[in-house]
Amino acid sequence: MPPPGVYFDDTTYFYSGKFKAGRTTQLGGNQVLDVRLNAWANFPTALWVTPVEILGGNLALSATAPFGEPAVRAAAILDGPLIHQALGRPIGFAARDAVVNFADPLATASIGWHNGNWHWKVGAAVNIPVGDYRPGELSNIAFHRWIGDFTFGVTYLDPTLGLDISTVAGFLVNGANPVTDYRSGNEFHIDGSISKNLTKQLSVGILASYYEQVSADSGAGNQVGPFKGRSTAIGGTIGYTFNLGDLPVSTRVKVMREVEVENRPRGTLGWVQVTIPLWTPPAPQASSRMAVR
């Protein structure tokens, strides 16, 4: 967690992947076959690290208003709203859908502690289902359900060696989509990185991520069964910091490849991240006193 202040972070996410041939899944209430997905999403985030201390750690609050475009192509739609809207009965036909929309906003609260080279934090994020959800369609950037993500992260940062070792683990609780009457199972995820500063401005590193759905999908609208997903991904990152006038700007690029998946598309992920401090408290000045003779 950065020092107290107000920060702006803008992260653009890219994904390209596909389901295993012959695999059926469910999107927008539609039962679809052989899905291919190319998506981008932007996550502008305002972060306020407050001076408030809780149990010795700083309280931070953030808000994110994402938007983006999932471009979805299905070899066949077997059943669902699109089929019944067009024909009134189940039958297979190929379909494409790609629309830029606003996603559900996110609100996050976290507490961060520091002790020498060690830094750790706990946090809770909530997905608020008020985004531009399109009932019955394939391309939806909004989840249209309440989601809670509870995380714990720890970092070992050695400025002398320029070494940063970080990991974050989380447990995600999914609510039900009231339109499709589909409830995704709860999920565990853990992400790790090791990065090294080559210069004061430039760093490189390796990344690893593991995701597993620990409870089955359910609900009256579920047509595909438990559908418990799992994914492992590995990749690399490069970061560069520079000054824009008096503002220090941190940039980072990440690329990861999913190497093992189950009940999920397999593909490549990328992030481009820019972080700027908008305001930080002025450093306290030492008081001076004129000697009187």
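**Q** Quick question: what am I supposed to make of the overall build of the protein here?
**A** Helices and strands together make up the secondary structure of the protein, namely one helix and 18 strands. Looking at the protein as a whole, 37% of its 293 residues are labelled buried. For the protein, the proportion of contacts with a sequence separation of at least 24, taken over those separated by at least 6, is 60%. Distance between charge centres in the protein, computed from 22 positive and 22 negative side chains, equals 5 Å.

**Q** Could you clarify how one ought to interpret the side chain of Thr-237 in this entry?
**A** With respect to the element layout, Thr-237 can be found in strand E16 (residues 230–244). Overall, Thr-237 belongs to the buried group, its relative accessible area being 10%. At a separation of 2.9 Å, a polar atom in the side chain of Thr-237 contacts the side chain of Arg-252. Here Val-253 takes part through its backbone oxygen, which lies 3.0 Å from a polar atom of the side chain of Thr-237. With near-sequence residues (within four places) excluded, Thr-237 lies in contact with Ser-203, Val-204, Gly-205, Ile-206, Leu-207, Arg-252, Val-253 and Lys-254.

**Q** Hey, could you run me through the side chain of Thr-25 in this one?
**A** Following the sequence through the fold, Thr-25 ends up in strand E2 (residues 24–27). Residues contacting Thr-25, with those up to four places away along its chain left out, are Phe-19, Asn-30, Gln-31, Val-32, Val-35, Val-224 and Phe-227.

**Q** What's the story with the pairing of strand E9 (residues 118–127) in this structure? I'm lost.
**A** Side chains on a regular strand alternate between the two faces of the sheet. The pairing of strand E8 (residues 106–115) with E9 spans ten bridges and is classified as antiparallel. Of the residues in E9, the one forming a bridge with Leu-106 is Asn-127. What sits between the antiparallel neighbours E8 and E9 is a turn of two residues, in which Gly-116 has the positive phi angle 65°. Sheet topology places E9 next to strand E10 (residues 147–158); ten bridges connect them, and they run antiparallel. Bridge pairing in E10 links Lys-121 to Gly-153.

**Q** Quick question: what am I supposed to make of the layout of surface pockets here?
**A** The gaps of empty space that remain are located by a probe, the size of a water molecule, rolled over the atoms. Considering only enclosed or pocket space, the second largest pocket measures out at about 180 Å³ in volume. What lines the second largest pocket is simply Lys-18, Phe-19, Lys-20, Arg-23, Arg-257, Val-261, Glu-262, Asn-263, Arg-264, Pro-265 and Arg-266. At three residues, strand E17 (residues 247–262) tops the list of elements feeding residues into the lining of the second largest pocket. Taken together, the residues that form the lining of the second largest pocket break down as three nonpolar, one polar and seven charged.

**Q** Even after reading the chapter, I still don't get unusual backbone geometry, so can you show me in this structure?
**A** Non-glycine residue Leu-55 carries a positive phi angle of around 55°. In this structure, Leu-55 sits in the loop between strand E3 (30–54) and strand E4 (57–64). When its relative accessible area of 79% is taken as the criterion, Leu-55 is described as exposed. One non-glycine residue, Asn-263, lies in the positive phi region at around 55°. Inspection of the secondary structure puts Asn-263 in the loop between E17 and strand E18 (266–279). By relative accessible area, which is 17% here, Asn-263 ends up buried.

The rules behind each value
Residues numbered from 1 in each chain as written. Predicted model: local features only at pLDDT ≥ 70, side-chain atom pairs only at ≥ 80, totals over all residues. Heavy atoms only, no water. Helix = DSSP H or I, 4+ residues; strand = E, 2+ residues; numbered from the N terminus. Buried < 20%, exposed > 50% of the residue type's maximum accessible area, 1.4 Å probe, protein only. Contact = heavy atoms within 4.5 Å. Lys, Arg positive; Asp, Glu negative; His and termini not counted. Charge placed at Lys NZ, Arg CZ, Asp CG, Glu CD. Polar contact = N/O pair within 3.5 Å; in protein donor to acceptor, adjacent residues only side chain to side chain. Pairing = 2+ DSSP bridges. 1 Å grid on protein atoms, 1.4 Å probe; cavity = no way out; pocket = protein on both sides within 12 Å on 5 of 7 lines; lining within 4 Å. Points joined across faces, edges and corners; volume = space filled by probe spheres on them. Nonpolar A, V, L, I, M, F, W, Y, C, P; charged D, E, K, R; others polar.

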